[in-house]
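Structural features, examined
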Amino acid sequence: MTPVMRAEGNILLPVFAAASRSALLLPPLALLVLFFLTPLLYLFFVSFHAPSQSDLFGEGLTLGNYLRVIGDSFFLTIIERTMLTGALVALICLAIGYPAAFAIARMPPRHRLVALLLLLFPLMVSNVIRAYGWVAILGRRGVINSTLRNFGVIDLPLDLMFSTATVAVGLLTILLPYMIISLANSIAAIDPHYEEAAQSLRASPVRTFFHVTLPLSAPGMTSGLMIVFLLTLSAYVTVSLLGGPRTKMLVSLVFDSVVAFAWPRAAAFAFILLALALGVALIVPAVLRPGRVRGLG
Amino acid sequence: MTPPSAEFDVRLDRVSKTFGAVTAVRETTLDIPRGTFLSILGPSGCGKTTTLRMIAGFERPTTGNVYIRGARVTEVPPYKRDFSMVFQNFALFPHLDVAHNVGFGLRMRGLPRADIDREVAGVLDLVKLSGLADRFPRQLSGGQQQRVALARAIVMSPAVMLLDEPLGALDKNLREEMQIELRQLQQKLGITAVFVTHDQDEALALSDRIAVMRDGRIEQIGAPRDVYERPANEFVAGFFGVSNVMNGEVVHVDPDGIDIKIGEAGTVRLSFAAEPGRRIRVAVRPEKIRIARSNASLPLKARLTDVVYRGASTSFFLELGGQTLVAIRQNEGGREEGLKAGDAVVCGWDPNAAIKLADG
Amino acid sequence: MSPRGRIGPALWAMIALNYSLVLGPILVVVVAAFSPTDFFVFPPPGLSLRWFRAFFELDNMRGAFLLSIQVACLAASIATVLGTFAAIHVGRRRGAGAGLLQSVFMAPLVFPTIILGLALLLVFRTVGIPVLPGIVLAHIVVGLPYCFRSVLTSFQSFDPALEEAAQSLRASPLQTFLRVTLPLIRPGVLTGWLFAFIVSFGELNTSLFLTGPGYVTLPIEIFSYLQFEGGQLVVAAASTVQVALIVVLVLAVERLVGLGRVVRG
């Protein structure tokens, strides 16, 4: 290589580097544009069309798919149930998960790691298996009924399945790890000096918790509540296995419409679900204001 | 041990603290009289923060006892002790505004709201933050945060205020400004204060008394002038910037002082007493050593090994009698003798300038 | 350390409650899989492997299991490559663009996947993409955020001066990447692949719409079996096989990179 070429190469190097950096961005961005953004826009487009017997959707634009939902108390009841169940599951997760997360955050780092891994592992197991676990516990031939019958407590199996409560229990236990992990990381990140400062200002451990630790864990509460609530909205398999044919949620309506090949209606339900999810994602942080905790430590 | 008098706001009675196999503080006894500003000074890991945290109750002594205003508090949890604390990173509650940060302790104490408001307004006035009561910590400058932390501690009127390197997070200029403010405030209010620092200048500027710690022990305790001018041993001397330690042999003793011989370099006069014939160790501050190409009043012959220009001053590295010394001279401009490495010079110091160190 | 580190009996009780709620159902499934009986009886009268045999003898189940492994391997590998590209780009970028791109690449993670499944189904039907590539594409999109975040995390603890040092020693950009950058972000890449594999292997919501005749993944096979068939213990065996595979993978990653980063990453 001649000195001149080398010099040129050095001048061009930053240009090549910048170009290759942008080249790196292209494939993943293309994936998201083609198979994430475009499909969603297309779905949105479909949701404003009338159904069609032969094609995916009929001609002409209409708001009918959305208006039908707003005018129908059957759908509105289901939406209400969906939101109430989601809110309830998220709040119960917070209530029972917080003490555990608090304890985990107080463990020495090695124990904390094991504790968190034990929570991460269930998240890796498919939800269908975890929901089936509750079928195996609550079903007519499940752990509870067979045990009670073995001991002669009951003659006929108890009907523990297929209710909103069953769905809530299933969702609760499936989503609880998200809440605990999110809380534990947030609590562990609180500078211990804040708690010491509170104690130096005459706050007992209990008051230290309520005046300092709890408000400072707002980021963890926010993300925990949001994740859990959002995931309840799209948990079709859990709802279907534990709720049965009668306990429907919004996500069941999406699925039922697909099964009936009513694509535009399915699309409309999907976007109603998305709008509710967006609402949750906006309301939870607005209420808990996790931002106020950030700033100088 | 006699019961501690209430004249001492804090008393540590032979406290030790071990963490597993590590001993952080060994058998330390310390009395802090009312109204005193005491600095605990030492390198990191010397046990100074642990000592402070034992006074606060964040650490429980492995052995020994802690007293605050005469009452034994060794097993008392922090929130029932009469102290307040300024933390290294200030630990201002990020979710509370300035007024609520400062009023936090009074609220925990259950004071009526009106009293809290009045006290908070008063102390914010004192630290010159009156206009910022509804700001949040992240909206404040470092100096303002420091003042809030101070106000939050002062407003409790504690028996003792503990300060854990509270100026460490500030830049140099602001730190010096805050030193003065802190000192004035403490004197005005007459609060007993324990201040942990690794910065000897800060300790000298602020304190009534300085305790120098090393390896979990207090090496020397005394007024700033005492520890600076009469360091008890080589460690303390070194910590206050005395790098020149020499071995010499006492060759002459008279009522005014002694002469010691430093190797082949010559004999020099010192103004303290010692037995003739003994080998002693003395220290001299670099800025006290005078050097010249030739000067009849400077008794020691030395060789310059290096000359380092440092702007305001110049450091001269000397080799004399097989030992190495540093002399520092203020640069006054123009009046340079052109001394350079390799030159033969003479040096000496005022008999009062030498510090006698413990033997060995 | 006095206010920290001490966990009272009430807190231990809450830990026990939470962990039994979370782990209990999985444990029940695993125990049930070893039942010797036709239906699950508690406590089980003995142990047997008959349901595992049944699982591998059912063509549908075995086929779904193998398909799931193939789909997960393929989707995870592609997602890892794409996620690594994205992370390297974002990791080096400064300013507002970096934050924006970061939320773009994380978007599929917070997005309701069932809607994504439906949207992809409509597009695939319109454009005419066959079932199998469709499933793989969906799983790549779902797995991408995990790979992206995992690599980005290891990239952020990476000193860019190292690359400059390599270039100052006459390494070309490609050599720098292969010999300096890649070895240093390897743990993040591996962890990302593991997550993408596991997510694909258990994926339900997009697969629900995208599977078709002859191409059914294991979770969907389990789901339809639960809905339409009677004997459920073969499902317990299928589930246990899946759980076992996850455990093996997690242990492998623990060997390779350590699990500490998995929790933080």
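Residues numbered from 1 in each chain as written. Chains lettered and ligands numbered in written order. Predicted model: local features only at pLDDT ≥ 70, side-chain atom pairs only at ≥ 80, totals over all residues. Heavy atoms only, no water.

1. Structural notes on the sheet that holds strand 17 (residues 313-320) of chain B
Residues and elements named next belong to chain B. Keep this limit in mind: Paired strands, in this sense, are two strands between which DSSP finds at least two bridges. Strands here are runs of E lasting at least two residues and helices are runs of H or I lasting at least four, both read from the DSSP assignment and numbered beginning at the N terminus. Note on geometry: axes are C-alpha line fits, over the in-contact stretch for helices, and angles between N-to-C directions span 0 to 180 degrees.
Pairing is antiparallel across the open sheet formed by 5 strands, whose spatial order is 15-19-16-17-18. Both outer strands of the open sheet, strand 15 (290-292) and strand 18 (323-330), are each paired with one neighbouring strand and no more. Recorded for the sheet is a direction-independent mean angle of 40 degrees between the axes of neighbouring strands. Two elements, strand 15 and strand 19 (residues 344-348), share 3 bridges in a ladder whose sense is antiparallel. Bridge assignment links Arg290 to a residue of strand 19, and that residue is Gly348.

2. Points about the environment of Lys172 of chain B
All names here are of chain B. Selection rule: The buried label applies to any residue whose accessible area, calculated with a 1.4 Å probe on protein chains only, is under 20% of its type's maximum; exposed applies above 50%, and partly exposed to all values in between.
The residue Lys172 is located in helix 5 (residues 172-189) in this model. A relative accessible area of 53% means that Lys172 is categorised as exposed. C-alpha of Lys172 to C-alpha of Pro78: the two residues are 94 residues apart in sequence and 32 Å apart in space.

3. Some details on a nonpolar patch on the surface
Applicable threshold: Only residues whose relative accessible area exceeds 30% and that form no salt bridge enter a patch; like-charged residues are grouped when within 9 Å of one another, and nonpolar side chains (Val, Leu, Ile, Met, Phe, Trp, Tyr) when within 5 Å. Method for areas: the Shrake-Rupley scheme with a 1.4 Å probe, in which residue coverage is limited to the protein chains shown. Salt bridge criterion: a side-chain nitrogen from Lys or Arg within 4 Å of a carboxyl oxygen from Asp or Glu.
A cluster of nonpolar side chains, contributed by Leu278, Leu282, Ile283 and Val287 of chain A, occupies part of the molecular surface with about 440 Å² of accessible area. Considering the arrangement of structural elements, one finds Val287 of chain A in helix 13 (residues 263-288).

4. Remarks on the interface of chain A and chain C
In many reports, interface size means the accessible area that the parts give up when they come together. Heads up, the rule is: For this analysis, residues touch if any pair of their heavy atoms sits within 4.5 Å. Defined here as a combined quantity, buried area equals the accessible surface (1.4 Å probe) lost by two parts on assembly, summed across both. Definition of a polar contact: a pair of N or O atoms within 3.5 Å, with one able to donate and the other able to accept a hydrogen when the atoms are protein atoms, and with sequence-neighbouring residues admitted only if both atoms are side-chain atoms.
At the junction of the two partners, chain A supplies 82 residues and chain C supplies 83 residues. Ranking the residues of chain A by area buried against chain C places Phe35, Met124 and Tyr132 of chain A at the top, with a combined share of 10%. In this structure, the connection of chain A to chain C is made through 0 salt bridges. The interface formed by chain A and chain C includes 6 residue pairs in polar contact (both at pLDDT 80 or more).

5. A short note on the nonpolar core
For soluble globular proteins, the rule of thumb is that nonpolar side chains tend to be buried together. Operational definition: By nonpolar core is meant a set of buried Ala, Val, Leu, Ile, Met, Phe, Trp, Tyr and Cys residues that side-chain atoms within 4.5 Å join together. Boundaries of every domain are those given by an automatic assignment or by a domain database.
Within the largest apolar cluster, 184 residues are counted, with the highest numbers of intra-cluster contacts made by Leu43, Ile104 and Val128 of chain A together with Phe55, Phe105, Ile115 and Leu118 of chain C. Taken domain by domain, this core gets at least three of its residues from each of domain 1 (1-35) and domain 2 (72-294) of chain A. Ile190, Ala198 and Val212 of chain A together with Leu129 of chain B belong to the second-largest nonpolar core, a separate cluster that totals 77 residues.

6. A word on the domain arrangement of chain A
The domains assigned to chain A are domain 1 (1-35) and domain 2 (72-294). Look at where the C-alpha atoms of domain 1 of chain A and domain 2 of chain A centre, and you get two points 45 Å apart.

7. Some remarks on unusual backbone geometry
Residue and element names in this part refer to chain B. Phi is positive for Phe90, close to 75 degrees, though the residue is something other than glycine. Take Phe90: it is sitting in the loop between strand 6 (83-86) and helix 2 (98-109). Backbone geometry at Asp215 places phi at a positive 50 degrees, although glycine is not the residue there. Following the sequence through the fold, Asp215 ends up in the loop between strand 9 (209-214) and strand 10 (217-222).

8. Some points on the pattern of salt bridges
All told, the structure shown has 29 salt bridges over all chains when counted by the stated rule. Across the pair Arg202 of chain A and Asp82 of chain B runs a salt bridge, and its minimum N-O distance is 3.3 Å. Within this pair, whereas Arg202 of chain A is found in the loop between helix 8 (192-200) and helix 9 (205-216), its partner Asp82 of chain B is found in the loop between strand 5 (71-72) and strand 6, the two belonging to separate chains. Here Asp9 of chain B and Arg69 of chain B are joined by a salt bridge, their closest N and O atoms 2.7 Å apart. Taken together, the residues span a long stretch of sequence, with Asp9 of chain B in strand 1 (residues 8-19) and Arg69 of chain B in the loop between strand 4 (63-68) and strand 5 at a distance of 60 residues. Judged by relative accessible area, Arg69 of chain B falls into the partly exposed class, the value being 38%. Overlapping salt bridges, with partners in common, bring together Glu196 of chain A together with Arg53 and Glu59 of chain B in one network.

9. Looking at the domain arrangement of chain B
Residues and elements named next belong to chain B. When cut into domains, chain B gives domain 1 (8-232) and domain 2 (244-359). The interface is formed by 4 residues belonging to domain 1 together with 6 residues belonging to domain 2. Contact between domain 1 and domain 2 buries roughly 350 Å² in total, counting both sides, with carbon and sulfur atoms accounting for 45%. Looking at the side of domain 1 facing domain 2, the largest losses of area belong to Tyr228, Pro231 and Ala232, adding up to 88% of the total buried there.

10. Brief notes about helix 10 (residues 218-228) of chain C
Since the α-helix turns once every 3.6 residues, residues separated by three or four places project in the same direction. For helix 10 of chain C, a buried count of 8 out of 11 residues is recorded, marking the element as mostly surrounded by other parts of the structure. Residues Leu218, Pro219, Ile220, Glu221, Ile222, Phe223, Tyr225 and Leu226 of chain C constitute the buried set of helix 10 of chain C.

11. With respect to the pairing of strand 9 of chain B
Regular strands place their side chains on alternate faces of the sheet. Residue and element names in this part refer to chain B. Two elements, strand 3 (residues 37-41) and strand 9, share 4 bridges in a ladder whose sense is parallel. Note on strand 9: the bridge partner recorded for Ser39 is Ile210. In terms of strand pairing, strand 9 meets strand 10 through 5 bridges, oriented antiparallel. From the neighbouring strand, Ala211 faces strand 10, where its bridge partner is Ile221. The turn linking strand 9 back onto strand 10 is made up of 2 residues, and Asp215 within it adopts a positive phi angle of 50 degrees.

12. Concerning the environment of Ile272 of chain A
With respect to the element layout, Ile272 of chain A can be found in helix 13. C-alpha separation for the pair Ile272 of chain A and Leu88 of chain A, spaced 184 residues apart in sequence, amounts to 20 Å.

13. Describing the packing of helix 1 (residues 9-33) of chain C against helix 11 (residues 233-257) of chain C
Residues and elements named next belong to chain C. Worth spelling out the cut-off: Each crossing gets its handedness from the near helix: less than a right angle anticlockwise from the far helix is left-handed, clockwise is right-handed. Any residue that is not Ala, Val, Leu, Ile, Met, Phe, Trp, Tyr, Cys, Pro, Asp, Glu, Lys or Arg is counted as polar, Gly included; the first ten are nonpolar and the last four charged.
Put simply, helix 1 and helix 11 touch, their axes get as near as 8 Å, and they point 115 degrees apart. Our pair here, helix 1 against helix 11, has a crossing hand that is left-handed. Along the contact surface, helix 1 presents Ile26, Val29, Val30, Ala32 and Ala33, while helix 11 presents Leu233, Ala236, Ala237, Ser239, Thr240 and Val243. Split into classes, the residues belonging to the contact of helix 1 with helix 11 amount to 9 nonpolar, 2 polar and no charged.

14. Quick word on the confidence of the model for chain A
As a reminder, the rule being used: For every residue, the predictor assigns a confidence score, pLDDT, that lies between 0 and 100.
On average, residues of chain A score 88 in pLDDT, and 92% of them are at 70 or above. With pLDDT under 50 throughout, residues 1-9 of chain A is counted as low confidence; its partners more than four residues away or in other chains account for 2 contacts.

15. So, the packing of aromatic side chains
Here is the rule we go by: Only centres within 6.5 Å qualify two rings of Phe, Tyr or Trp (six-membered ring in Trp) as a pair; their planes then separate them into stacked at under 30 degrees, edge-to-face at over 60, and tilted for everything else. Lysine NZ or arginine CZ positioned within 6 Å of the ring centre and within 35 degrees of the ring normal marks a charge as sitting over the ring.
With the rule as written, the count across this model stands at 33 aromatic pairs over all chains. Each ring, one from Phe102 of chain A and one from Phe209 of chain A, has its centre 5.4 Å from the other, and the planes form 90 degrees; the classification is edge-to-face. Residue Phe102 of chain A is found in helix 3 (residues 73-105), and its partner Phe209 of chain A is found in helix 9; the two are separated by 107 residues along the sequence. Taking relative accessible area as the criterion, Phe102 of chain A reaches 17% and is therefore assigned buried. Arranged with centres 4.2 Å apart and planes meeting at 20 degrees, the rings of Tyr236 of chain A and Phe255 of chain A form a pair that is stacked. Of this pair, Tyr236 of chain A sits in helix 11 (residues 236-243) while Phe255 of chain A sits in helix 12 (residues 250-259), and the two are 19 residues apart along the sequence. Each of the two residues, Tyr236 of chain A as well as Phe255 of chain A, counts as buried. Pairwise contacts between aromatic rings join Phe55, Phe56, Phe65, Trp193, Phe197 and Phe201 of chain C into one cluster. Taking the ring centre of Phe93 of chain B as reference, the NZ or CZ of Arg152 of chain B above it sits at 4.8 Å. Cation over ring: Arg285 of chain B sits above Tyr228 of chain B, and NZ or CZ is 3.6 Å from the ring centre.

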